[in-house]
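Chain and residue survey
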Amino acid sequence: MTTLSLLAARTRSRLPRRHVPVLATLVLLLVLYGVGVSQYRAFSNIQVVFNVFIDNGFLLVVAVGMTFVILTGGIDLSVGSVVAMTAMVSAFLLREGLPAALVLIIALLIGPTLGFLMGCVIHFFDIQPFIVTLAGMFFARGMCTFISGSSIPITDGFWTRMSQQRIGNPSGNFVSISVLIAFAVVAVAAYTLAYTRLGRNVYAIGGNSQSALLMGLPVGRTRIAVYTISGLCAAIGGILLSFYTLSGAPLIGVGMELDVIAAVVIGGTVLTGGSGYVFGTVLGVLVLGVIQTLITFDGSLNSWWTKIVIGGLLFAFILLQRLIGIRYK
Amino acid sequence: MTGSQPVLTMTGISKSFPGVRALDGVDFRLLPGEVHALMGENGAGKSTLIKVLTGVYRTDHGAVTLGGAEVSFSGPMQATAAGVSTVYQEVNLCTNLSVAENIFIGREPRRLGAVRWAEMRRRARALLARLDLDIDVNAQLGTYSLAVQQMVAIARAIDVEARVLVLDEPTSSLDAGEVAQLFRVMRQLRDDGLAILFVTHFLDQVYEIADRITVLRNGRLVGEYPTSELPQLGLVEKMIGKELRALERLDEQSRHDAAAPVEGAPLLDVRELGRRSAVARFDLTIHEGEVVGLAGLLGSGRTEVARLLFGADRADHGSVRVHGTPTSLRNPVAAIGHGIGFCSENRRAEGIVGELSVRENIILALQAARGWLRPVPRRRQDELVDRYVRALSIRPADPDIPVGNLSGGNQQKVLLARWLITEPRLLILDEPTRGIDIGAKTEIQRLVAQLSDGGMAVLFVSAELEEVLRLSHRIAVMRDREMVAQLTNDQSVDADRIMQTIAAGAGHEEVPS
């Protein structure tokens, strides 16, 4: 009896509380996958998992950028519009006949520039990130329709190659190049957060920005950096989306920022900042993807069920975070 | 030790803010290997001096030398780099990070840009071992007590080759055991040759740890004394600045006719009431028509007692009886329900709503007591407000101007009126006369006497002993967050006796309530 309770106490202390949300997401993901496998024979095909990555690669990249922002206690509502704007600009410039390499560079510069500017406004004028990035969201979305009111198809050779290239074994299972790019982004981000000063400063600011300032950390620089990183990730996400759809459409990715925030939160990152992992965000995106796949497999359910399930999960995870007491002051 | 060269000297430091001379030609020196207490009441200039030292403020005049060279820091970062580290009352660390990271963040050991976690943990363990602190450097800081967090803050401060360690009220939220642990660390650092500047409100702690004491008063240097040569009573005198005899004479001039003890029924009776790290458990009985004065130095726990009795802070121990019926004062609504009113010490931040009119401010508490669903009729509002504006001679006598435009004294009267119209049975006045002119002060004092004659009980909190002596039937004396004595205010009680009680603590005869 006594030994048992002692043992329980020890295991509880062995498992740091900050890891609980990520583990909960992992368990949830496994349960969802298990449900799929038990219900549908085709679900156990490994290509189903690969397809989840192929369909959500761009979302994963954007969510990684959002993780940086949310870890500092901020929010970036502009990412969906920046994804669309990046795809639009690429499609437009390619139609105008610019070389693919130059288009890539330009398209990849727009997002971080906008992010940098928003970060500066947030830091120097001490304005809520919510409202600044909301303005950024409207601006970028407006730019999309300014470029073209309708969808622009992409016929460029490089783009179509990136879209169609399959990487995999001869037996037929494959992933797209986008998935590899997304994995690379995840790896770089995870390393940055765990092993660089920038990454550690992100956590410190999210924990207590006032303390971070008094400890002599570069709070302003870090804050501007995370919005720039988020902008860069949104730009990469936009390129990946244009690989995926081979077009630029002015109204694509409307509301994507909310899916992204949901994925990050379900992945265990606390909205008030200071706690969370890129690995959790990967799990969060996978949870969303697997739910979508399940609903597709069912066939009879309306796709809006995805939203309903995500809504319920969000509530559950926010409550979980509150219950295990991740409340930093 | 006294023969060694000072590591830090500050000479002729002056600093003015608009309308206030915060520091006036203050000299200060700090020797290596000593704990030096900086003492003074609030507003004496302690924190200004520390902020000048750490570069938060620039001096108007005067020079700071560190290790023989003149320095002028542009901010705390530069001061830290030069060897002057500060640990504030509030722990400025990130509770979501590990202990090791909190010590090293911003200067982590790195290789090729990558943080070397193992090396960082190793160094953190070594540093904490120096402080005799055995904790898991991997654990999140937030899982440890405030005292341990304070220790980690000190570890961070001394890691940067500190020569001077400034501890600004580090003990104010620690309990006795935690303070002992902190002192052990301080002694060890002192023996290592570190110069420690220690600021505190607690007199006992000064005598326990400090080698020398510098006293400031009203922005001026009173003097520097070896602790062994300055008895507690002398220290209190020097902090307050009045010869005890002079105070006594002042007090003879007028005294509430307290000779006749109050025979009213016990209105509020609390037993063993207390709140951890705010105020030690105390017993207090307040009778109808009685004025109980609460005396003590600033920071001695006076306000904490007042807030407990009003339910603004929740007691974690003790029992409360109102008119003999057991109850609890779990929040201000409950206290108001029992007829208790509270005029806050901090009238700007907690009492007065500057943008609202005099009328609206006065009606606030009555409306709250009635509940927001039953608005006070406008005619009744006007009637009440008129009555109290006249009774308290609030000027200007226009109930519709914003309260923010009134003088401090008149704002205080508005606050009083707010509680008076709810007809409380016990009114708690926390520093009602601070910062208001002498005319308004006497008016408020007269009003308190009138109210108590009318049967209202008053708990009167004030830093001014004369005022407490003049108004109170009984005086409760606070010291180091503890109620050390309750004295019936008869001929045997004078400022001298209260000061002695403040200085010496318990051991004087306690008059049972």
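Residues numbered from 1 in each chain as written. Chains lettered and ligands numbered in written order. Predicted model: local features only at pLDDT ≥ 70, side-chain atom pairs only at ≥ 80, totals over all residues.

By the naming in an unreviewed UniProt entry, chain B goes by Simple sugar transport system ATP-binding protein and is assigned to Micromonospora chaiyaphumensis. In its Subcellular location (unreviewed entry) section, the UniProt entry covering chain B states "Cell membrane". (UniProt positions renumbered as here; feature names shortened; annotations may be inferred.)

Named according to an unreviewed UniProt entry, chain A is Simple sugar transport system permease protein originating from Micromonospora chaiyaphumensis. In its Subcellular location (unreviewed entry) section, UniProt records this for chain A: "Cell membrane".

Focus: the overall build of chain A
Helices and strands together make up the secondary structure of chain A, namely 14 helices and four strands. Here the C-alpha atoms of chain A give a radius of gyration of 21 Å, agreeing with the 20 Å that 2.2 N^0.38 yields for 329 residues. Seen along its three principal axes, the alpha-carbon backbone of chain A occupies a region of about 75 × 55 × 35 Å. Counting every position in chain A, which comprises 329 residues, the buried fraction comes to 49%. (Helix = DSSP H or I, 4+ residues; strand = E, 2+ residues; numbered from the N terminus. Rg over C-alpha atoms; globule rule 2.2 N^0.38 Å. Buried ≥ 20, exposed ≤ 12 C-beta atoms within 10 Å, placed from the backbone.)

Observations regarding the sheet that holds strand β9 (residues 164-168) of chain B
All names here are of chain B. Taken in spatial order, the six strands line up as β6-β9-β10-β3-β11-β12 in an open sheet, and their pairing is mixed. Taken across any chain shown, the strands that pair with only one partner, and hence form the sheet edges, are β6 (84-87) and β12 (220-226). The mean inter-strand angle of the sheet, taken between neighbouring strand axes irrespective of direction, is 20 degrees. Sheet topology note: the strand β11 (residues 212-217)/β12 ladder contains six bridges and is antiparallel. When the sheet's bridge partners are listed, Thr214 is paired in β12 with Glu224. The sheet strands contacting helix α5 (residues 146-159) are β6 and β9, and the helix crosses β6 at an angle near 170 degrees. (Pairing = 2+ DSSP bridges. Axes fitted to C-alpha atoms, helices over the stretch in contact; angles between N-to-C directions. Contact = placed C-beta atoms within 7 Å.)

A short note on the confidence of the model for chain B
Residues and elements named next belong to chain B. Residues at a pLDDT of 70 or more form 90% of chain B, whose mean pLDDT is 82. In the model, residues 244-259 has pLDDT below 50 throughout and makes 29 contacts with residues more than four positions away in sequence or in other chains. Counted against residues more than four places away or in other chains, residues 506-513, with its pLDDT under 50, gives 13 contacts. Reported confidences for the modelled complex are a pTM of 0.72 and an ipTM of 0.84. (pLDDT = per-residue confidence, 0-100.)

A closer look at the UniProt feature "transmembrane region" (unreviewed entry) in chain A
Residue and element names in this part refer to chain A. Following the UniProt record, the feature "transmembrane region" (unreviewed entry) maps to residues 20-36, 48-71, 101-125, 131-154, 174-194, 224-244, 277-297 and 304-324 here. For the annotated span residues 48-71, helix accounts for 100% and strand for 0% of the residues, and the straight-line distance between the end C-alpha atoms is 31 Å. The span residues 131-154 carries 71% helix and 8% strand; its end-to-end C-alpha distance comes to 34 Å.

Description of the packing of helix α3 (residues 46-71) of chain A against helix α8 (residues 177-195) of chain A
Residue and element names in this part refer to chain A. Viewed as axis vectors pointing N to C, α3 and α8 meet at an angle of 25 degrees, and their least axial separation amounts to 8 Å. Here α3 lies roughly parallel to α8, going by the angle between them. Where α3 crosses over α8, the two elements pack in a sense that is left-handed. Here Phe53, Ile54, Gly57, Phe58, Leu60, Val61 and Val64 of α3 lie close against α8, whose contacting residues are Ser178, Val179, Ala182, Val185, Val186 and Ala189. (Parallel < 35°, antiparallel > 145°, perpendicular 65-115°, else oblique. Left-handed = near helix turned anticlockwise from the far one by under 90°.)

Side note on the environment of Asn138(B)
Within the secondary structure, Asn138(B) sits in the loop between α4 (117-130) and α5. For Asn138(B), the contacting residues outside a window of four places in its chain are Ser98(B), Ala100(B) and Arg121(B).

Section: the interface of chain A and chain B
How big an interface is tends to be reported as the loss of accessible area on association of its parts. Opposite the 19 residues of chain A that make contact, chain B presents 18 residues. Of all elements in the fold, only α9 (197-207) and α10 (209-214) of chain A reach the threshold of two or more residues within the side of chain A that touches chain B. By residue number, the principal contributor to the side of chain A that touches chain B is α9(A), which donates five residues.

Description of unusual backbone geometry
All names here are of chain B. Although it is not a glycine, His323 sits at a positive phi angle of roughly 55 degrees. For His323, the location among the structural elements is in the loop between β16 (317-322) and β17 (325-327). Phi is positive for Arg481, close to 65 degrees, though the residue is something other than glycine. Secondary-structure assignment places Arg481 in the loop between β21 (474-479) and β22 (482-488).

Observations regarding the pairing of strand β14 (residues 279-287) of chain B
All names here are of chain B. Where strand β13 (residues 266-275) lies against β14, six bridges are found, and the strand directions are antiparallel. Counterpart to Leu273 in the pairing with β14 is Phe282. Hairpin connection from β13 to β14: three residues lie between these consecutive antiparallel strands, with Ser277 at a positive phi of about 60 degrees.

Section: helix α13 (residues 278-298) of chain A
All names here are of chain A. The terminal C-alpha atoms of α13, which comprises 21 residues, lie 30 Å apart, in line with the 30 Å expected from a rise of 1.5 Å per residue. Along α13, 15 of the 21 residues are buried, which leaves the element largely enclosed by surrounding structure. Note on α13: the residue one or two positions beyond its end, Gly299, has a positive phi of about 85 degrees. (Expected span 1.5 Å × (residues − 1).)

Points about the sheet that holds β22(B)
Residues and elements named next belong to chain B. Strands sit in the order β18-β19-β20-β15-β21-β22 across an open sheet of six strands; the sheet is mixed. Every interior strand has two partners, whereas the edge strands, β18 (340-343) and β22, have only one. Going from strand to strand, the sheet's axes swing by 15 degrees on average, the running direction of each strand aside. The sheet contact formed by strand β15 (residues 291-295) and β21 spans four bridges and is parallel. Residue pairing in the sheet places Leu294 in a bridge with Ala476 of β21.

Observations regarding the environment of Phe139(A)
Residue and element names in this part refer to chain A. Within the secondary structure, Phe139 is located in helix α6 (residues 129-147). A residue is classified by how many C-beta atoms lie within 10 Å of it, and Phe139, with 16 of them, is partly exposed. C-alpha separation for the pair Phe139 and Ser81, spaced 58 residues apart in sequence, amounts to 8.3 Å.

A look at the pairing of β16(B)
All names here are of chain B. For β13 and β16, the ladder comprises five bridges, and the chain directions are antiparallel. Along β16, the bridge assignment pairs Gly274 with His317. Here β16 runs beside β17; their pairing, made up of three bridges, is antiparallel. Residue Val320 lies in a different strand from β17, and its bridge partner there is Thr327.

Quick look at the packing of α3(A) against helix α11 (residues 219-245) of chain A
All names here are of chain A. It is at 8 Å that the axes of α3 and α11 come closest, and there the two elements cross at 175 degrees. By the angle between their axes, α3 is roughly antiparallel relative to α11. Residues Gly57, Phe58, Val61, Val62, Val64, Gly65, Met66, Phe68 and Val69 of α3 lie in contact with α11, whose contacting residues are Val226, Tyr227, Ile229, Ser230, Leu232, Cys233, Ala234, Ile236, Gly237, Leu240, Leu241 and Tyr244. Split by residue class, the contact of α3 with α11 holds 17 nonpolar, four polar and no charged. (Nonpolar A, V, L, I, M, F, W, Y, C, P; charged D, E, K, R; others polar.)

Structural notes on the confidence of the model for chain A
Mean pLDDT over chain A stands at 89; residues scoring 70 or higher make up 93%. In the model, residues 1-13 of chain A has pLDDT below 50 throughout and makes zero contacts with residues more than four positions away in sequence or in other chains.

Description of the environment of Arg29(B)
All names here are of chain B. Locating Arg29 in the fold gives a position in strand β2 (residues 20-30). The class of Arg29 is partly exposed, set by 17 C-beta atoms lying within 10 Å. Taking the C-alpha atoms as reference points, Arg29 and Leu230, separated by 201 residues in sequence, lie 18 Å from one another. Look past the residues within four positions of Arg29 in its chain and what remains in contact with it is Pro6, Leu8 and Thr9.

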